Amino acid sequence: MRLILSALLAVMLLVPTVYAYDKEMAKKFDAMFSQMTPEVLTLRPCQITTKDILEMIKKKEDFVILDIRTPAETKLIAPVWKGSLIIPMHELFKPENLAKLPKDKKIAVLCHTGDRAAAATIALRAVGFNNAFQFKGGIAEFAKEVGRLATEYVKE
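Attention in this report is confined to the structure presented alongside it. The residue numbers shown here count from 1 along each chain, following its written sequence. At least 70 in pLDDT is required for a residue's local features to be given in this predicted model, at least 80 for side-chain atom pairs to be given and counted, and no such filter applies to totals for whole chains, interfaces and linings, which use all residues. By convention in this description, side-chain values take in all heavy atoms of the structure and omit both hydrogens and water.

**Observations regarding the overall build of the protein**
Keep this limit in mind: By the criteria applied, helices consist of DSSP H or I runs no shorter than four residues and strands consist of E runs no shorter than two, each listed in order from the N terminus. In what follows, residue pairs with any heavy atoms lying within 4.5 Å of each other are defined as contacts. Accessible areas in this description were obtained via Shrake-Rupley with a 1.4 Å probe; residue shielding takes into account the shown protein chains only.
The secondary structure content of the protein amounts to nine helices and five strands. Traced from its N-terminal end to its C-terminal end, the protein shows the element sequence α-α-α-β-α-β-α-β-α-β-α-β-α-α. Counted over contacts in the protein with a minimum sequence separation of 6, partners at least 24 positions apart contribute 65%. In the structure as shown, the protein presents an accessible area of about 10600 Å², 63% of it carried by carbon and sulfur atoms.

So this is what it looks like as structure tokens:
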């Protein structure tokens, strides 16, 4: 009987923690994701493509490329666009790094293939950076699409 009561007590104590979650964070995600209806998703509201970036360059739009790759990745190749920020993903959400991000212009979040940028963009938007966009395909896609055509868009 004692064993049964102990087991029952253990279950009663553990069940609430198993089903617990961060309610405040869930509210933030609900506010963000509830806007993502099927119609909105077809427009890809949180993504920016190479074509979009090139158009922004042509129009001389002021924007920031935020490179969240590792230091080893950026040693090989990194954006040199004016105002580019290189902040590795594992350091992005430190207060001093968030303070570097602009609130008044687009932030194109860049990684190698776009996967990490998608996660970082969702998190940035959750904390209030609604001007953050995933750079679709990452630097790999950008290099493949632009290649030698870069001189058409960026003239010294």
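**Some thoughts on helix 7 (residues 115-126)**
Short version of the rule: Take the residue count of a helix, subtract one, and multiply by 1.5 Å to get its expected span.
End to end, helix 7 covers 17 Å across twelve residues, agreeing with the expected 16 Å (1.5 Å per residue, within 8%). Following helix 7 by one or two positions, Gly128 adopts a phi angle in the positive range, close to 120°.

**Topic: the nonpolar core**
Here is the rule: Take the buried residues of types Ala, Val, Leu, Ile, Met, Phe, Trp, Tyr and Cys, join any two whose side-chain atoms come within 4.5 Å, and each joined set is a nonpolar core. Buried residues are those whose accessible area, probed at 1.4 Å on protein chains only, stays under 20% of the maximum for their type, while exposed residues exceed 50% and partly exposed ones sit between those limits.
Counting residues in hydrophobic clusters, the biggest one holds 16 residues, and the most contacted among them are Leu66, Ile68, Leu92, Leu101, Val109, Leu124 and Phe129. Listing elements by their share of this core, those giving two or more residues are strand 2 (63-67), strand 4 (106-110) and helix 7. The contact partners of Leu66, leaving out residues within four places of it in the chain, are Leu85, Ile87, Leu92, Leu101, Ile107, Ala108, Val109, Leu110 and Leu124. Core analysis: the next-biggest nonpolar cluster, separate from the first, contains 14 residues, Leu54, Ile65, Phe133 and Val146 among them.

**Remarks on the pairing of strand 2**
The line we're drawing: Two strands are counted as paired when DSSP detects at least two bridges linking them.
With five of five residues buried, strand 2 lies mostly within the body of the structure. Neither face of strand 2 is open: one carries Phe63, Ile65 and Asp67, the other Val64 and Leu66, and all of them are buried. Here strand 2 pairs with strand 4 via five bridges, running parallel. For Asp67, the partnering residue across the bridge sits in strand 4 and is Leu110.

**Examining the pairing of strand 5 (residues 132-135)**
For a regular strand, side-chain orientation follows a simple rule: the groups alternate between the two sheet faces. Selection rule: Crossover handedness is defined by viewing with both strands directed away from the observer: a clockwise path from the first strand over the helix to the second marks the crossover as right-handed.
As paired elements, strand 1 (residues 47-48) and strand 5 share two bridges and run parallel to each other. Looking at the pairing, Ile48 lines up with Phe135 of strand 5. In the sheet, strand 4 pairs with strand 5 via three bridges, with the strands oriented parallel. When the sheet's bridge partners are listed, Val109 is paired in strand 5 with Gln134. Read as a crossover between parallel neighbours, the route from strand 4 over helix 7 to strand 5 is right-handed.

**Some words on the pattern of salt bridges**
Two side chains carrying opposite charge are able to pair once their charged atoms lie near each other. Our working definition: Any carboxyl oxygen of Asp or Glu within 4 Å of a side-chain nitrogen of Lys or Arg constitutes a salt bridge here.
If you walk through the whole model with that rule in mind, you get six salt bridges. The shortest N-O distance in the salt bridge between Lys106 and Glu61 comes to 3.7 Å. With Lys106 in strand 4 and Glu61 in the loop between helix 4 (50-58) and strand 2, this pair connects stretches of sequence that are 45 residues apart. According to the relative accessible area criterion, Glu61 is partly exposed, its value standing at 27%. Between Lys144 and Glu141 there is a salt bridge whose closest N-O contact spans 3.6 Å.

**Observations concerning the packing of helix 2 (residues 23-33) against helix 7**
This is how it is decided: Orientation is described by axes fitted as lines to C-alpha atoms, over the contacting stretch for helices, and by angles from 0 to 180 degrees between their N-to-C directions. Angle categories: roughly parallel below 35 degrees, roughly antiparallel above 145, roughly perpendicular from 65 to 115, and oblique for all the rest. Charged residues are taken to be Asp, Glu, Lys and Arg, nonpolar residues to be Ala, Val, Leu, Ile, Met, Phe, Trp, Tyr, Cys and Pro, and polar residues to be all remaining types, Gly included.
Axis separation between helix 2 and helix 7 bottoms out at 10 Å; the angle between their running directions is 105°. Accordingly, the angle class assigned to the pair helix 2 and helix 7 is roughly perpendicular. The residues of helix 7 that touch helix 2, namely those facing Lys28, Phe29, Met32 and Phe33, are Ile122, Arg125 and Ala126. Of the residues belonging to the contact of helix 2 with helix 7, the class tally is five nonpolar, no polar and two charged.

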